[in-house]
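Coordinate analysis (summary)
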Amino acid sequence: MLSTFRKNIKKLLPQQYHFSIFKILTKLNHIKYIGNGVECPCCSSRLRDFAPFYQGSNLVDKICTKCLSLSRHRLIWLYLNDKGVFAKHLKVLHTAPEECFEKIFEKSKNIKYTTIDIDPNKANVSMDITSMDFADNSFDLIISVHVLEHILDDTKAMKEFHRVLMPGGFAILQVPIDYSRDKTYEDSSIVLFEDREKAFQQGDHVRIYGKDYVERLISSGFKVTVDDYVKTLDKNLMTKYCLDVNEMIYLCRK
């Protein structure tokens, strides 16, 4: 019934409203998911299971019905917590901020937290990440999760991240990667939403990253560590938090 309702909503509303409606519907279902099967490390909710998260008709992830964390967010939270980030005095830049992270950082009194998005309603500051109005060496930590695949000139954005990152700081720059591809696939002539959906699996994406993603980061000035952190975790924890065993942390230093 809910899936049919979602499909009808998608037909009636413009694409830019789809995810907002999905978030509302997901949260309305929270009480139905309360249980003891899994736990969200971001908001400490205990659920019988995480809710299914679809890309088109494909099940691609599981989402927390309270804070809307996906597996990648839960892994990053665990990683940052293990690094002791929330106990440090840091200047943090977060692009296209996710709700599950915002609340955690906003509660951390020792962290100066800045959020940016091209949409002024979605962050503290409205700003294009390819041309940021911040001084060089402004931030100790930059978090950008599944943003660069939406940006036409991702190299320019990566160089901007490098510019505003403090020496000794680090950035976590996550993107969806197709590890069956050696090279990133992009085609600037594909501009219509429907055509991009066919080419890049999502209508607001402009490329599919391949295994050369690290090379793109390095060419922008970063020293990159691909951290297989998830495989250091106990298997019971991986199940408890519903983590993706293939999710790597792309840790970028200046």
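Conventions adopted
Residues numbered from 1 in each chain as written. Predicted model: local features only at pLDDT ≥ 70, side-chain atom pairs only at ≥ 80, totals over all residues. Heavy atoms only, no water. Helix = DSSP H or I, 4+ residues; strand = E, 2+ residues; numbered from the N terminus. Buried < 20%, exposed > 50% of the residue type's maximum accessible area, 1.4 Å probe, protein only. Contact = heavy atoms within 4.5 Å. Phe/Tyr/Trp six-rings, centres within 6.5 Å; stacked < 30°, edge-to-face > 60°. Salt bridge = Lys/Arg side-chain N within 4 Å of Asp/Glu carboxyl O. Core = buried A, V, L, I, M, F, W, Y, C linked by side-chain atoms within 4.5 Å. Pairing = 2+ DSSP bridges. Axes fitted to C-alpha atoms, helices over the stretch in contact; angles between N-to-C directions. Right-handed = clockwise from strand over helix to strand, strands pointing away.

1. Things to note about the environment of Ile 76
Here Ile 76 lies in helix α4 (residues 71–82). Take Ile 76: its relative accessible area is 0%, and that puts it in the buried class. The spatial distance from the C-alpha of Ile 76 to the C-alpha of Ile 172 is 8.6 Å, given a sequence separation of 96 residues. For Ile 76, the contacting residues outside a window of four places in its chain are Phe 101, Val 145, Ile 172, Gln 174 and Ile 249.

2. Focus: the packing of aromatic side chains
Overall, the coordinates contain 8 aromatic pairs when judged by the stated rule. When the centroid spacing of 5.0 Å and the interplanar angle of 80 degrees are considered together, the rings of Tyr 79 and Tyr 229 count as edge-to-face. Pair noted here: Tyr 79 is in helix α4 and Tyr 229 is in the loop between β12 (223–227) and α9 (235–241), with a separation of 150 residues, a long-range link. A ring pair is formed by Phe 86 and Phe 105, whose centres lie 5.2 Å apart and whose planes are at 50 degrees; its orientation type is tilted. Linking Phe 86 in the loop between α4 and β5 (90–95) with Phe 105 in helix α5 (residues 99–107), this pair joins segments that are 19 residues apart in sequence.

3. A word on the pattern of salt bridges
Using the criterion set out here, one finds 14 salt bridges in the structure. The closest approach of N and O atoms between Glu 186 and Arg 216, which form a salt bridge, is 3.1 Å. Of the two residues, Glu 186 is situated in strand β10 (residues 185–186) and Arg 216 in helix α8 (residues 213–219); the sequence distance between them amounts to 30 residues. Glu 186 sits in the partly exposed class, given a relative accessible area of 37%. Here the residues in one salt-bridge network are Asp 154, Glu 186, Arg 207 and Arg 216, joined through shared partners.

4. Concerning the nonpolar core
Judged by nonpolar contacts, the single largest core of 43 residues is most densely connected at Leu 80, Val 85, Phe 105, Ile 172 and Leu 243. If one sorts the elements of this core by residue count, α4 sits on top with 6 residues. With residues up to four places along the chain from it excluded, the contact list for Phe 105 reads Leu 80, Val 85, Phe 86, Val 92, Ile 111, Tyr 113 and Ile 143. Counting 26 residues, the second-largest nonpolar core is a separate cluster that includes Phe 139, Ala 157, Val 164 and Ala 171.

5. Quick word on the sheet that holds strand β8 (residues 139–145)
Strand pairing in a sheet takes place through backbone hydrogen bonds and is either antiparallel or parallel in direction. Pairing is mixed in the open sheet, where 7 strands are placed in the order β7-β6-β5-β8-β9-β13-β12. In this open sheet, the two strands that pair with only one neighbour each are β7 (125–126) and β12. With 3 bridges connecting them, strand β9 (residues 165–174) and strand β13 (residues 249–253) associate as antiparallel partners. Looking at β13, one finds that Phe 170 is bridged to Arg 253. α5 rests against β5, β6 (111–117) and β8 of the sheet, and its axis sits at about 150 degrees to β6.

6. A closer look at the pairing of β5
With 5 of 6 residues buried, β5 lies mostly within the body of the structure. Pairing between β5 and β6: 6 bridges, direction parallel. Each bridged residue has a counterpart across the sheet, and for Thr 95 the counterpart in β6 is Ile 116. Summarising the sheet, β5 and β8 pair through 4 bridges and their orientation is parallel. Bridging from a neighbouring strand, His 94 pairs with Ile 143 of β8.

7. Quick notes on the pairing of β6
By the criterion of burial, β6 is predominantly enclosed, with 6 of the 7 residues buried. The β-α-β motif built from β5, the intervening α5 and the parallel element β6 has right-handed crossover chirality. Pairing of β6 with β7, which is carried by 2 bridges, proceeds in the parallel orientation. For Asp 117, the partnering residue across the bridge sits in β7 and is Ser 126.

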